Amino acid sequence: MTVRGLGPSSRQPTLSRRQVVQLGAIGAVAVAGSYAGVRLLDASSPTLVGPGSRAVREVEAARATTGNVVTRTVTAGPATVDLGGRVVSTWAYDATVPGPEIRMTAGDQLQVRLVNDLPEATTVHWHGVALRNDMDGVPDLTMPAVAPGGTFDYAFVAPDPGTYWLHPHAGIQLDYGMQSALVVEDPDEPGAYQQEVVLVLDDWTDGWGASPTEILAGLVRDGMGGMDGMDGMDGMGGMGGAMMGSGSASQPLGADAGDVAHPAHLINGRLPSDPVTVTAVPGDRIRFRVINAAGDTAYRFAIGGHRLSVTHTDGTAVEPYEVDTLIVGMGERYDVVVSVGDGAFPIVAVPESKAGPSALAVLRSASGDAPTPGRLPAELGGQLLSYGNLRPTAETAFESRAIDRELPLVLSSRDGGRQWLINGATFADREPLYVAAGERVRLTIVNRSMMFHPVHLHGHTFALAGRGGTGIRKDTVNVLPMQTVSLDVQADNPGQWMTHCHNAYHAELGMMSVVSYAV
Ligand code: C2O
Ligand code: CU
């Protein structure tokens, strides 16, 4: 079996469908230098740069470090939690929803012992962190899943400051209550604000509506209830190239942005009936770190009576830009700074293009009536952020370079939404997306479905490129229905890296692949 095109000089790997299916089938376990130490059996196959390879250790050893170590234990297990008016049984980290925040400084090493008290295997994934591949927490790709009763010791340097989060990377566990914020502070950040507040947004069903496992089983059985999943969309040729997608001004993500009716939406684990209150002094500046940890819900976020100065997306700095409201897709983060007014104001997250009650927190700088749950502030209909508004800072912009390799990722579905596909295949049948270390790679994502997909790449931040791409760096991007988006990636973190839709159900139904370093 010959695989061409893996050298840094060639532009495009050319593999037959059969070759890549064979590679895909063995790629997950037979990675060179992987934890199992297994090498590819066929000597003519590309040698994949596995999580346990020397290249991974060398990149880690070369990272700038502070020498500080931050140590934690994270216990995943069944828990009974009070959402503020409703007590539910679920799975959580350290028995709280969200789990305890982890805070460190860029260059610190994080050492976390994961203790698995769940009845099924799990892992922790450190969403957004450009860490060493063997600590990325993807079962069977970067580590063995941790069996019930087992433990795993994570240890890695977090190289870049930013707002990150942790969640399981096993099955549909993400849509249970297991998620925590991971804040990596910037020692050089001027910090022109008095207070910092992390807001974790989440859609809730476990212990209330159907469990995520039951919901997934329903989707496998019934699909999206007759809504056609764009079978035959391949025949529609040029439509996939439409730059604007099909979103309208009022529904930028399209008319249907979620598959699952979650009965509740939470901010920091609280229902609107008993919301989290942020107290401040009028005139204070607060930096909010907003994390969308939901399984199936994008949110439109706003704070009544306040403008939002957007300073970071997915942890990466942008030139500050002021808006009234923004949409956070699943897996995305925004840091915004606000100048606190005088009074009590609603902080709201409204499910975007999806039915369901909004999530609420309260910003209070004076006595007075609490905001009424369900009364939505006018800011939600005000100036809405788009990616095109944002510009990278001098530090976060990529230096411009020729593209060494282009890889298409075509998103579609099959069988009425029972299967979600990348390049026509589910994860089990995937064709690896080969890259070589040192390359500048352009991923071109072509959405041939009528749903938006928040596409996430592990271990890297990409730059939004191509027509309309301003070069902002992110790790998760909302790709609108029928839209094409180009992402430039600097291949500087060797290993095997998941790329997938961050709709937990789409991912589980197949919409995942692997960006695979090979030599
Ligand atoms: Cu937030 Cu593959 O993950
Ligand atoms: Cu999706």
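Before going into details, it helps to say that this report is about the structure given with it. Quick caveat: nothing in here was measured; it's all calculated off a predicted structure. (Residues numbered from 1 in each chain as written. Chains lettered and ligands numbered in written order. Predicted model: local features only at pLDDT ≥ 70, side-chain atom pairs only at ≥ 80, totals over all residues. Heavy atoms only, no water.)

## Remarks on the pattern of salt bridges
For clarity, the cut-off: One side-chain nitrogen of Lys or Arg within 4 Å of one carboxyl oxygen of Asp or Glu is enough to make a salt bridge. Helix and strand definitions follow DSSP, with helices as H or I runs of at least four residues and strands as E runs of at least two, each counted in order from the N terminus. A simple rule labels every residue: compare its accessible area, found with a 1.4 Å probe on the protein chains alone, to the largest value its type can have, and call it buried under 20%, exposed over 50%, or partly exposed in between.
Applying the stated criterion to the full structure yields 24 salt bridges. The closest approach of N and O atoms between Glu185 and Arg103, which form a salt bridge, is 2.5 Å. One end of the pair, Glu185, is in strand E8 (residues 180-185); the other, Arg103, is in strand E3 (residues 102-105), and 82 residues separate them in sequence. Relative accessible area serves as the criterion here: at 29%, Glu185 is assigned to the partly exposed category. Since its relative accessible area comes to 26%, Arg103 is described here as partly exposed. Close ionic contact of Arg418 with Asp415 constitutes a salt bridge, the shortest N to O distance being 3.4 Å. Taking relative accessible area as the criterion, Arg418 reaches 26% and is therefore assigned partly exposed. The exposure class of Asp415 is partly exposed, given its relative accessible area of 41%. Connected through salt bridges with shared partners, the residues Glu101, Arg103, Glu185, Glu189, Glu196, Arg287, Arg289 and Asp335 form a single ionic network.

## Comments concerning the environment of Pro320
Using the following cut-off: We call two residues contacting when some pair of their heavy atoms lies within 4.5 Å.
Along the chain, Pro320 turns up in strand E15 (residues 316-323). In this structure Pro320 comes out as exposed when scored by relative accessible area, which is 54%. Considered as a pair, Pro320 and Arg391 are 71 residues apart in the sequence and their alpha carbons are 8.4 Å apart. Ignoring sequence-local partners within four residues, the contact set of Pro320 consists of Ser309 and Val310.

## Observations regarding the sheet that holds strand E26 (residues 473-474)
To keep it simple, the criterion reads: Paired strands are those between which DSSP finds at least two bridges.
Within the open sheet, the six strands sit side by side as E21-E20-E23-E28-E25-E26. Their pairing is mixed. Unpaired on one side and paired on the other, strand E21 (419-422) and E26 mark the two borders of the sheet. Bridging between strand E23 (residues 440-447) and strand E28 (residues 484-490) involves seven bridges; their strand directions are antiparallel. When the sheet's bridge partners are listed, Arg440 is paired in E28 with Gln490.

Function cannot be read off these values alone, since they describe shape.
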